Amino acid sequence: MSLNLDAIIKAVTEAKTKAKRRRFKQTYELIVRFRDFDVKNQANRFNITVALPHPLQGKEPKVCVMATGAMVLAAKEAKADAILTREDIEKLAGNKKEIRKLANSYDYFVATPDLMVLIGRVMGQILGPRNKMPEVVQPNADIKAVIDRLKRSVRVRVKDQPQVMCKVGTEDMDPKHVAENIATVLDEILKRVRPEQLGDVSVKLTMGPPITFSPLSSK
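From a predicted model like this one, the values you see are computed outputs, not experimental measurements.

The rules behind the values
- Residues numbered from 1 in each chain as written.
- Predicted model: local features only at pLDDT ≥ 70, side-chain atom pairs only at ≥ 80, totals over all residues.
- Heavy atoms only, no water.
- Pairing = 2+ DSSP bridges.
- Helix = DSSP H or I, 4+ residues; strand = E, 2+ residues; numbered from the N terminus.
- Axes fitted to C-alpha atoms, helices over the stretch in contact; angles between N-to-C directions.
- Contact = heavy atoms within 4.5 Å.
- Phe/Tyr/Trp six-rings, centres within 6.5 Å; stacked < 30°, edge-to-face > 60°.
- Buried < 20%, exposed > 50% of the residue type's maximum accessible area, 1.4 Å probe, protein only.
- Salt bridge = Lys/Arg side-chain N within 4 Å of Asp/Glu carboxyl O.

A. Summary view of the sheet that holds strand β10 (residues 211–213). Pairing is antiparallel in the open sheet, where four strands are placed in the order β8-β1-β9-β10. Edge strands, defined here as strands with exactly one partner in the open sheet, are β8 (163–170) and β10. The average angle at which neighbouring strand axes cross in this sheet is 25°, direction not considered. Across six bridges, strand β1 (residues 27–34) lies against strand β9 (residues 198–205) in antiparallel orientation. Note on β9: the bridge partner recorded for valine 32 is valine 201. Taken strand by strand, helix α1 (residues 5–18) contacts β1, β9 and β10, and its axis lies near 170° from that of β10. Its contacts with the sheet place helix α7 (residues 175–189) against β1, β8, β9 and β10, and it is angled at close to 155° to β8.

B. Looking closely at the packing of aromatic side chains. Counted according to the given criterion, the structure contains two aromatic pairs. Note on phenylalanine 34 and phenylalanine 37: the rings are 4.8 Å apart at their centroids and 40° apart in plane angle, and the pair reads as tilted. Each member of the pair phenylalanine 34 and phenylalanine 37 is classed as buried. Ring centres of tyrosine 106 and phenylalanine 109 lie 6.2 Å apart, and the angle between their planes is 75°; on these two criteria the pair is classed as edge-to-face.

C. View of the pattern of salt bridges. Per the stated rule, a full pass over the model turns up eleven salt bridges. Arginine 86 is the partner of aspartate 114 in a salt bridge, and the nearest nitrogen-oxygen pair spans 3.6 Å. Of this pair, aspartate 114 sits in the loop between β5 (108–111) and α5 (116–127) while arginine 86 sits in helix α3 (residues 86–91), and the two are 28 residues apart along the sequence. Owing to a relative accessible area of 39%, aspartate 114 belongs among the partly exposed residues under this scheme. Measuring nitrogen to oxygen at the nearest pair gives 3.4 Å for the salt bridge that ties glutamate 188 to arginine 192.

D. Structural detail: unusual backbone geometry. With a phi close to 50°, aspartate 36 is a non-glycine residue in the positive phi region. When you line up the elements, aspartate 36 lands in the loop between β1 and β2 (47–51). For aspartate 36, a relative accessible area of 72% corresponds to the exposed category. Although it is not a glycine, asparagine 131 sits at a positive phi angle of roughly 55°.

These figures capture arrangement, not role.
Written out as structure tokens, the structure reads:
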């Protein structure tokens, strides 16, 4: 069973048509509800980062790099939204207010292996519950490629309800591009959930009504 891109494009277009214009750029939100899905079973819970084929224009996630050595300069050249050195992290010790501010300001964190123990000790209690512990990158990694990937990624997570919600585009994007983003997210979900467990699937603009559609082709 495959995904029906035409049906997804139709739903995206309808979502935009039925949403009132606002004074801010609205985002497309995908909502997928599951049936016969026990969220109390830890095996059913997942928290994944999905790289979209088309970035959310003007709504890209913010990436903070924690690094030492040459990676610091490389992160600056790659235009990381923030860079923390070992000294910066050590200064945060005990300052929960600043760590919370940092956690709320950035969507993704990456760090070199030599800093992970320090990060865990200083920031783990705050980053951990928010599922924002850093992705580990090797000192010789292409940090620009890592940042570029995260800046077009969304987090897809099952929490305490049998559903996932995530941003998949902005209202000024081509509907086909938004649909391709949706298809990418659904493809990753279907690696973890059986097709028959898909319940209502809908897409909406921030302030618009949800448009429910069937994303699966019967062919």
